[in-house]
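The primary structure of each chain is shown beneath.
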Amino acid sequence: MVSENMQAALNKQMNAELYSAYLYLAMAAYYEDSDLPGFANWMIAQAQEEMSHAMKFYDYLVQRGSRVMLDAIEKPQSQWKSALAVSEHVLEHEKLVTSMINNLVDIAVEEKDHATNNFLQYFVAEQVEEEESAGGVLQKVKLANNSPTGLLLVDSELGKRVFTPSTPEE
Ligand code: FEO
(Lines give C-alpha, C1' and ligand atoms only; values in the text may rest on other atoms or scores of the structure.)
Protein backbone atom coordinates (compact mmCIF):
# COMPACT_ATOMS: atom_id res chain seq x y z
CA MET A 1 0.00 0.00 0.00
CA VAL A 2 1.15 3.53 -0.70
CA SER A 3 0.61 6.42 1.73
CA GLU A 4 -2.65 8.37 1.61
CA ASN A 5 -0.74 11.35 0.32
CA MET A 6 0.81 9.28 -2.47
CA GLN A 7 -2.52 7.61 -3.27
CA ALA A 8 -4.11 11.02 -3.76
CA ALA A 9 -1.19 12.19 -5.91
CA LEU A 10 -1.30 9.07 -8.12
CA ASN A 11 -5.08 9.39 -8.55
CA LYS A 12 -4.58 13.03 -9.50
CA GLN A 13 -2.02 12.03 -12.12
CA MET A 14 -4.38 9.37 -13.51
CA ASN A 15 -6.94 12.15 -13.92
CA ALA A 16 -4.32 14.34 -15.65
CA GLU A 17 -3.55 11.52 -18.10
CA LEU A 18 -7.28 11.12 -18.82
CA TYR A 19 -7.51 14.87 -19.36
CA SER A 20 -4.54 14.64 -21.76
CA ALA A 21 -6.43 11.97 -23.74
CA TYR A 22 -9.50 14.21 -23.75
CA LEU A 23 -7.50 17.26 -24.86
CA TYR A 24 -5.80 15.34 -27.67
CA LEU A 25 -9.12 13.91 -28.83
CA ALA A 26 -10.48 17.48 -28.96
CA MET A 27 -7.47 18.40 -31.10
CA ALA A 28 -8.17 15.39 -33.36
CA ALA A 29 -11.76 16.59 -33.79
CA TYR A 30 -10.50 20.08 -34.64
CA TYR A 31 -8.23 18.60 -37.31
CA GLU A 32 -11.04 16.42 -38.74
CA ASP A 33 -13.04 19.62 -39.10
CA SER A 34 -10.06 21.33 -40.76
CA ASP A 35 -9.70 18.56 -43.38
CA LEU A 36 -6.33 17.43 -42.03
CA PRO A 37 -6.98 13.70 -41.47
CA GLY A 38 -3.30 12.85 -40.97
CA PHE A 39 -2.95 15.35 -38.13
CA ALA A 40 -6.20 13.94 -36.68
CA ASN A 41 -4.78 10.43 -36.90
CA TRP A 42 -1.64 11.51 -35.01
CA MET A 43 -3.74 13.10 -32.27
CA ILE A 44 -5.98 10.02 -31.96
CA ALA A 45 -2.89 7.82 -31.53
CA GLN A 46 -1.66 10.32 -28.93
CA ALA A 47 -5.01 10.16 -27.10
CA GLN A 48 -4.81 6.35 -27.08
CA GLU A 49 -1.32 6.58 -25.62
CA GLU A 50 -2.60 8.87 -22.85
CA MET A 51 -5.34 6.34 -22.06
CA SER A 52 -2.65 3.69 -21.71
CA HIS A 53 -0.75 6.02 -19.33
CA ALA A 54 -3.90 6.47 -17.22
CA MET A 55 -4.33 2.69 -17.09
CA LYS A 56 -0.77 2.26 -15.83
CA PHE A 57 -1.64 4.46 -12.83
CA TYR A 58 -4.92 2.55 -12.38
CA ASP A 59 -3.13 -0.81 -12.47
CA TYR A 60 -0.37 0.34 -10.12
CA LEU A 61 -2.85 1.61 -7.52
CA VAL A 62 -4.74 -1.70 -7.67
CA GLN A 63 -1.50 -3.67 -7.47
CA ARG A 64 -0.52 -1.78 -4.29
CA GLY A 65 -3.90 -2.43 -2.68
CA SER A 66 -4.70 1.28 -2.88
CA ARG A 67 -7.96 2.88 -3.93
CA VAL A 68 -8.61 4.13 -7.46
CA MET A 69 -10.74 7.29 -7.28
CA LEU A 70 -12.19 8.72 -10.48
CA ASP A 71 -12.70 12.47 -10.47
CA ALA A 72 -14.38 14.73 -13.04
CA ILE A 73 -12.35 15.34 -16.19
CA GLU A 74 -11.93 18.99 -17.09
CA LYS A 75 -13.58 20.14 -20.33
CA PRO A 76 -10.88 20.63 -22.97
CA GLN A 77 -10.49 23.55 -25.36
CA SER A 78 -12.23 22.82 -28.68
CA GLN A 79 -10.95 25.47 -31.06
CA TRP A 80 -7.48 26.57 -32.17
CA LYS A 81 -6.27 29.16 -34.68
CA SER A 82 -4.11 26.85 -36.77
CA ALA A 83 -2.10 23.63 -36.90
CA LEU A 84 0.80 25.69 -35.53
CA ALA A 85 -1.27 26.75 -32.49
CA VAL A 86 -2.29 23.12 -31.82
CA SER A 87 1.28 21.85 -32.18
CA GLU A 88 2.59 24.51 -29.79
CA HIS A 89 -0.15 23.60 -27.33
CA VAL A 90 0.79 19.88 -27.46
CA LEU A 91 4.44 20.60 -26.64
CA GLU A 92 3.48 23.03 -23.87
CA HIS A 93 1.08 20.45 -22.42
CA GLU A 94 3.72 17.70 -22.48
CA LYS A 95 6.14 20.00 -20.63
CA LEU A 96 3.45 20.53 -18.01
CA VAL A 97 2.98 16.76 -17.67
CA THR A 98 6.75 16.35 -17.30
CA SER A 99 6.71 18.77 -14.37
CA MET A 100 3.81 16.83 -12.80
CA ILE A 101 5.76 13.56 -13.10
CA ASN A 102 8.84 15.22 -11.59
CA ASN A 103 6.71 16.42 -8.66
CA LEU A 104 5.45 12.88 -8.11
CA VAL A 105 9.03 11.59 -8.07
CA ASP A 106 9.85 14.29 -5.48
CA ILE A 107 7.02 13.01 -3.26
CA ALA A 108 8.20 9.39 -3.67
CA VAL A 109 11.75 10.41 -2.71
CA GLU A 110 10.54 12.42 0.29
CA GLU A 111 8.46 9.48 1.49
CA LYS A 112 11.26 6.99 0.75
CA ASP A 113 8.69 5.12 -1.36
CA HIS A 114 11.20 3.29 -3.56
CA ALA A 115 8.61 1.08 -5.29
CA THR A 116 6.58 4.06 -6.47
CA ASN A 117 9.74 5.88 -7.46
CA ASN A 118 10.69 2.85 -9.55
CA PHE A 119 7.19 2.75 -11.13
CA LEU A 120 7.46 6.47 -11.95
CA GLN A 121 10.79 6.07 -13.74
CA TYR A 122 8.88 4.65 -16.73
CA PHE A 123 7.14 8.02 -16.99
CA VAL A 124 10.34 10.00 -16.51
CA ALA A 125 11.73 8.25 -19.61
CA GLU A 126 8.40 8.41 -21.43
CA GLN A 127 8.21 12.19 -21.02
CA VAL A 128 11.57 12.58 -22.77
CA GLU A 129 10.03 10.76 -25.76
CA GLU A 130 6.76 12.67 -25.50
CA GLU A 131 8.51 16.03 -25.61
CA GLU A 132 10.72 14.85 -28.46
CA SER A 133 7.81 13.67 -30.63
CA ALA A 134 5.67 16.76 -29.87
CA GLY A 135 8.68 18.98 -30.62
CA GLY A 136 9.26 17.06 -33.86
CA VAL A 137 5.73 17.69 -35.10
CA LEU A 138 5.99 21.38 -34.14
CA GLN A 139 9.23 21.66 -36.09
CA LYS A 140 7.63 20.12 -39.19
CA VAL A 141 4.65 22.47 -38.96
CA LYS A 142 6.99 25.44 -38.62
CA LEU A 143 8.93 24.33 -41.69
CA ALA A 144 5.66 24.04 -43.65
CA ASN A 145 5.20 27.71 -42.69
CA ASN A 146 1.44 27.66 -43.30
CA SER A 147 1.85 26.80 -46.98
CA PRO A 148 -1.04 24.46 -47.96
CA THR A 149 1.35 22.15 -49.86
CA GLY A 150 3.73 21.96 -46.92
CA LEU A 151 0.92 21.20 -44.48
CA LEU A 152 -0.48 18.49 -46.75
CA LEU A 153 2.93 16.83 -46.87
CA VAL A 154 3.14 16.85 -43.07
CA ASP A 155 -0.47 15.63 -42.94
CA SER A 156 0.38 12.68 -45.13
CA GLU A 157 3.36 11.76 -42.93
CA LEU A 158 1.39 12.05 -39.67
CA GLY A 159 -1.33 9.88 -41.19
CA LYS A 160 1.05 6.92 -40.97
CA ARG A 161 1.32 6.90 -37.17
CA VAL A 162 -0.12 3.77 -35.56
CA PHE A 163 -0.54 3.43 -31.80
CA THR A 164 1.20 0.32 -30.48
CA PRO A 165 0.26 -0.59 -26.93
CA SER A 166 3.27 -1.29 -24.70
CA THR A 167 3.62 -4.77 -23.21
CA PRO A 168 2.83 -5.11 -19.46
CA GLU A 169 6.56 -5.13 -18.62
CA GLU A 170 7.18 -1.86 -20.48
FE1 FEO B 1 0.97 10.90 -20.58
FE2 FEO B 1 1.83 12.58 -23.03
O3 FEO B 1 2.07 12.16 -21.24
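All values derive from a computational prediction rather than experimental measurement.

Caption draft 1: Main features of the side chain of Asp 155. Here Asp 155 shows up in helix α5 (residues 148-158). There is no salt bridge for the buried Asp 155, and the closest opposite charge comes from Lys 160, which lies 11 Å off by N-O distance. Once residues within four sequence positions are removed from consideration, Asp 155 is found in contact with Leu 36, Pro 37, Gly 38 and Phe 39.

Caption draft 2: Representation of helix α2 (residues 37-63). With 27 residues, α2 extends 39 Å between its outermost C-alpha atoms, agreeing within 8% with the 39 Å of an ideal straight helix rising 1.5 Å per residue. A positive phi of about 70° marks Gly 65, the residue just after α2.

Caption draft 3: Spotlight on the nonpolar core. Counting residues in each nonpolar core, the largest one holds 27 residues, and the members touching the most others are Met 27, Tyr 31, Phe 39, Met 43 and Val 90. Listing elements by their share of this core, those giving two or more residues are α1 (4-33), α2, α3 (83-110), α4 (114-144) and α5. The biggest single contributor to this core is α1, with 8 residues. Contact partners of Tyr 31, with chain neighbours within four places excluded, come to Leu 36, Phe 39, Ala 40, Met 43, Ala 83, Val 86 and Ser 87. With 19 residues, the next largest nonpolar core counts Tyr 60, Val 68, Val 97 and Leu 120 among its residues.

What counts as what
Residues numbered from 1 in each chain as written. Predicted model: local features only at pLDDT ≥ 70, side-chain atom pairs only at ≥ 80, totals over all residues. Heavy atoms only, no water. Helix = DSSP H or I, 4+ residues; strand = E, 2+ residues; numbered from the N terminus. Buried < 20%, exposed > 50% of the residue type's maximum accessible area, 1.4 Å probe, protein only. Lys, Arg positive; Asp, Glu negative; His and termini not counted. Salt bridge = Lys/Arg side-chain N within 4 Å of Asp/Glu carboxyl O. Contact = heavy atoms within 4.5 Å. Expected span 1.5 Å × (residues − 1). Core = buried A, V, L, I, M, F, W, Y, C linked by side-chain atoms within 4.5 Å.

Without other data, these values stay purely geometric and don't point to any function.
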